[in-house]
Amino acid sequence: MDFDDTPDEAAYRARVRAALAEHADELVHTDVDADAGEEAADPREQEQALRRTQRVLAEAGLVGVAWAAEHGGQGGSLAQQAIVGQELARARVPSLINHIGIGMCGPTVIAHGTPAQHEKYLARLLRADDVWCQLFSEPASGSDLAALRTTAVRDGEDWVVNGQKVWTTLAHVSDYGILLTRTDPDRPKHAGLTMFVVDMHAPGVTVRPLRQMGGQSDFNEVFLDDVRIPDAERLGEPGEGWRVALTTLLNERVAVGGGGNDLGLSVESLARLAADRLPALPADRQVLARQALGRAAVAALANRYTGYRRLTAISQGGLPGPEASAGKLAGTAAAKLVADAGVRLLGDDAVFAVGPGDDGGADGAGRWQRNQAWLPGIAIAGGTDEVLRNIVGERVLGLPPEPREDKHRPFDASGSAR
């Protein structure tokens, strides 16, 4: 992707800006830069406002830009999708509440769902009439997703599910989720899995938010006790869950930092903070601060434009691949550099405890502290740094894979089984 818009892209950008200006009074805006991880004083009211914002954007043609028209999207390009993301940030519209549904769950339903599932879910997903989550991680399996233990047992036309998921983003506000389960423990761990769509309001589903050190509750643990899921809500064939999950994971790596999107506060917000704070620092600290600012800006912009190049390759017929794992790694590292530089600019103000909803002064010092506290979770979300390094090493660099003694054994006989 060229850093400058083509004539067609410039025209599209103008249309996006005009649409955002037209609907400005109907959208949620942040007074200053979006505060990653901030919890509103009234979370329920914030949720409804964010749902309304996504609905307005969807009706204006600014959601699902690169989705095919037959699935409710705009049939546009990934370059256009990137432009919409840039213009939403410029207009200070916060992240879409259903970003997991759009970036991960929706593409999975499109690729592996039935026409009936497409009809039932996709349009409502784009409008945020239904918010989605991704039920993958479990307490006992760590970074080894294929070692999951949540079971689904066939009972007539239903499957009965029992187990626990954890670190499930947005589960507390979700209506549906994609759920990876074990349906055949006698097969090797990657072969005995099946994916379903689960109603998050169904009997037996219990969601408990997890309080993070920044004060917010983005993540949740989810308990599934004799939850009945109709077979019609299965995604793919029984036992093909790992193949379905790979679709989700590849899209997730692009959605979470791999597509050039900023994680946390942007480098532009760092520049504004520096303009306010840098002149007040002692001369010796200014030198160190400028070095930190330079490293953060270079890392953030390099990740952004490399991500755009990756989107260009996908838009020309490529598929999301393991290279997106490198993008997510780079995005996390850049976000940490930006956050660290921002907190360093605060000086003594960085030691003050700031609660949710308190910006810590006119320049929003508190949001920098909360952003820094929020970022360690992003190093886990979308694949831990360690797992992503293994993927890059094995699938991009061609290094020998780590020994996996349990790969071909029945799951119950493997070292990670119950």
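Model, not experiment: these values are computed from the prediction.

Caption draft 1: Structural detail: the packing of aromatic side chains. Applying the stated rule across the entire model yields five aromatic pairs. Between the aromatic rings of Tyr 121 and Tyr 176, the centroid separation amounts to 5.0 Å while the plane-to-plane angle is 70 degrees, which identifies the pairing as edge-to-face. One end of the pair, Tyr 121, is in helix H5 (residues 115–126); the other, Tyr 176, is in strand S4 (residues 176–182), with 55 residues separating them in the sequence. Grouping aromatic residues by their ring pairs yields a cluster made of Tyr 121, Trp 132 and Tyr 176.

Caption draft 2: Representation of the side chain of Arg 51. You can see Arg 51 is positioned in helix H2 (residues 43–59). A polar contact is formed between the side chain of Arg 51 and the backbone oxygen of Asp 129, at a distance of 3.2 Å. Excluding residues that lie within four positions of it along the chain, Arg 51 makes contacts with Ile 97, Arg 127, Ala 128, Asp 129, Asp 130, Val 131, Val 173 and Asp 175.

Caption draft 3: Broad picture of the packing of helix H1 (residues 7–22) against helix H3 (residues 78–90). Where H1 meets H3, the axes come as close as 10 Å, and the angle between the chain directions of the two elements is 40 degrees. The orientation of H1 relative to H3 falls into the category oblique. When the axes of H1 and H3 are compared, the crossing they make is right-handed. Facing Glu 9, Tyr 12, Arg 13, Val 16, Arg 17 and Leu 20 of H1, the residues of H3 in contact are Ala 79, Gln 80, Ile 83, Val 84, Gln 86, Glu 87, Leu 88 and Arg 90.

Caption draft 4: Inspection of empty space enclosed by the protein at higher detail. The full count for this structure, using the stated rule, is one cavity of 30 Å³ or more. Here the largest cavity defines a volume of roughly 60 Å³. In terms of lining, the largest cavity is formed by Asn 261, Asp 262, Leu 263, Leu 265, Ser 266, Val 267, Ala 300, Asn 303, Gly 331, Ala 334, Ala 335 and Val 338. For the lining of the largest cavity, the secondary structure elements donating two or more residues are helix H8 (283–315) and helix H9 (323–346). Ranked by the residues each element gives to the lining of the largest cavity, the list is headed by H9, at four residues. Split by residue class, the lining of the largest cavity holds seven nonpolar, four polar and one charged.

Caption draft 5: Seen up close, helix H11 (residues 385–396). Here H11 spans 15 Å end to end across 12 residues, near enough to the 16 Å set by a 1.5 Å rise per residue. Among the residues making up H11, those that are buried are Asp 385, Leu 388, Ile 391, Val 392, Gly 393 and Glu 394.

Caption draft 6: Up close: the packing of helix H4 (residues 99–112) against H5. The N-to-C vectors of H4 and H5 enclose an angle of 165 degrees; their axes lie 10 Å apart at closest approach. Relative to H5, the element H4 is oriented roughly antiparallel. Where H4 crosses over H5, the two elements pack in a sense that is left-handed. Contact residues: H4 offers Gly 101, Ile 102, Gly 106, Val 109 and Ile 110, while H5 offers Gln 117, His 118, Leu 122, Leu 125 and Leu 126. Residue classes in the contact of H4 with H5 are distributed as six nonpolar, four polar and no charged.

The rules behind the values
Residues numbered from 1 in each chain as written. Predicted model: local features only at pLDDT ≥ 70, side-chain atom pairs only at ≥ 80, totals over all residues. Heavy atoms only, no water. Phe/Tyr/Trp six-rings, centres within 6.5 Å; stacked < 30°, edge-to-face > 60°. Helix = DSSP H or I, 4+ residues; strand = E, 2+ residues; numbered from the N terminus. Polar contact = N/O pair within 3.5 Å; in protein donor to acceptor, adjacent residues only side chain to side chain. Contact = heavy atoms within 4.5 Å. Axes fitted to C-alpha atoms, helices over the stretch in contact; angles between N-to-C directions. Parallel < 35°, antiparallel > 145°, perpendicular 65-115°, else oblique. Left-handed = near helix turned anticlockwise from the far one by under 90°. 1 Å grid on protein atoms, 1.4 Å probe; cavity = no way out; pocket = protein on both sides within 12 Å on 5 of 7 lines; lining within 4 Å. Points joined across faces, edges and corners; volume = space filled by probe spheres on them. Nonpolar A, V, L, I, M, F, W, Y, C, P; charged D, E, K, R; others polar. Expected span 1.5 Å × (residues − 1). Buried < 20%, exposed > 50% of the residue type's maximum accessible area, 1.4 Å probe, protein only.

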